[in-house]
Amino acid sequence: KWDIDAARRMLSATVQWREEFGVAKLLSGDCPDTIIAENATGKMYVRGFDRCGRPVVLMKPRHETSANGEAILKHLVYCLERAVACIDVQKKAGRLQIEQLGDETGKFVLLVDFSGFSAKNLIPLSLAQETVRILQEHYPERLASAYIVDAPWWLYQFFNALSPFVDPA
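Note that the structure is a prediction, hence the values are computed from the model and not measured. (Residues numbered from 1 in each chain as written. Predicted model: local features only at pLDDT ≥ 70, side-chain atom pairs only at ≥ 80, totals over all residues. Heavy atoms only, no water.)

Remarks on the overall build of the protein chain
Link 1 in the chain: If you tally the helices and strands in the protein chain, you get seven helices and four strands.
Link 2 in the chain: C-alpha atoms of the protein chain, sized along the principal axes, occupy 40 × 35 × 35 Å.
Link 3 in the chain: In the protein chain, buried positions account for 38% of the 169 residues.
Link 4 in the chain: The long-range fraction of contacts in the protein chain, counting pairs at least 24 apart against all pairs at least 6 apart in sequence, stands at 79%.
Link 5 in the chain: Here the protein chain displays about 10,400 Å² of accessible surface, and carbon together with sulfur accounts for 56% of that area.
Link 6 in the chain: Of the side-chain charges in the protein chain, 20 are positive and 21 negative, and the distance between the mean point of each set is 4 Å. (Helix = DSSP H or I, 4+ residues; strand = E, 2+ residues; numbered from the N terminus. Buried < 20%, exposed > 50% of the residue type's maximum accessible area, 1.4 Å probe, protein only. Contact = heavy atoms within 4.5 Å. Areas by Shrake-Rupley, 256 points an atom, 1.4 Å probe, with all protein chains shown as cover. Lys, Arg positive; Asp, Glu negative; His and termini not counted. Charge placed at Lys NZ, Arg CZ, Asp CG, Glu CD.)

The structure is reproduced here in structure tokens:
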């Protein structure tokens, strides 16, 4: 959008959010029990790369069993930071196909596999809204593409409830 003042405000807000959220502590291993417990479910992880060398974040919502919203968000941020770290490694190693990617060299791919998912695995709408807010405000332009596999028919309604909170740009 090329609004420099808005970009400055967003950057400042993200720096403040990262401090308040504790991203540095999270990455330094300050919350090992939370991350270990959330990782053990297999609900989200970074694994492999697409044909262009971008990291793939895999989500398996059927494994969502946590009732702890804070732990879910910490795990989300941990996985996003792992994806960003993988992007940096790929860039340094020259494994990103820059001529094919253009402006998408700093992005990751999201694959959401809904096979085996049921309503009991659904997170509260407020937590989904916070997830969208974190992605939009603090990881803008990081998502290259998203693929959804085996989504239940009613998930469309859930996405409709979230869509007013998604920035179209």
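Re the nonpolar core
A general feature of soluble globular proteins is that nonpolar side chains tend to end up buried together.
Link 1 in the chain: In this structure, Trp17, Phe21, Val57 and Val77 are the most contacted members of the largest nonpolar core, which totals 30 residues.
Link 2 in the chain: Of all the secondary-structure elements, those providing two or more residues to this core are α1 (4-21), α2 (23-27), β1 (44-49), α4 (69-93), β3 (108-113), α6 (125-138) and α7 (155-162).
Link 3 in the chain: Examining the composition of this core, we find that eight residues originate from one element, α4, more than from any other.
Link 4 in the chain: Apart from the residues within four sequence positions on either side, Trp17 is in contact with Gly22, Val23, Val77, Arg133, Ile134, His138 and Tyr139. (Core = buried A, V, L, I, M, F, W, Y, C linked by side-chain atoms within 4.5 Å.)

A word on the packing of aromatic side chains
Link 1 in the chain: Per the counting criterion, the structure on display carries three aromatic pairs.
Link 2 in the chain: Note on Trp17 and Tyr139: the rings are 6.3 Å apart at their centroids and 85 degrees apart in plane angle, and the pair reads as edge-to-face. A residue pair is termed long-range when its members are at least 10 positions apart, and Trp17 in helix α1 and Tyr139 in the loop between α6 and β4 (143-149) qualify at 122 residues. Residues Trp17 and Tyr139 agree in their burial class; the two are buried.
Link 3 in the chain: Here Phe114 and Phe117 contribute two aromatic rings whose centre-to-centre distance is 5.1 Å and whose plane-to-plane angle is 80 degrees, an arrangement assigned as edge-to-face. Like Phe117, Phe114 is buried.
Link 4 in the chain: Three or more aromatic residues joined by ring pairs make a cluster, and in this case those are Trp17, Phe21 and Tyr139. (Phe/Tyr/Trp six-rings, centres within 6.5 Å; stacked < 30°, edge-to-face > 60°.)

Let's talk about the sheet that holds β1
Link 1 in the chain: Across the sheet, which stays open at both edges, the four strands sit in the order β1-β2-β3-β4 with mixed pairing between neighbours. Edge positions in the sheet fall to β1 and β4, since each has one partner strand and no second. Each adjacent strand pair in this sheet contributes to an overall mean axis angle of 25 degrees, direction not counted.
Link 2 in the chain: Relative to strand β2 (residues 55-59), β1 runs antiparallel, the two sharing four bridges. Residue pairing across strands places Tyr45 opposite Leu58, the latter belonging to β2.
Link 3 in the chain: Its contacts with the sheet put α4 on β1, β2 and β3, and the angle it makes with β1 is roughly 15 degrees. (Pairing = 2+ DSSP bridges. Axes fitted to C-alpha atoms, helices over the stretch in contact; angles between N-to-C directions.)

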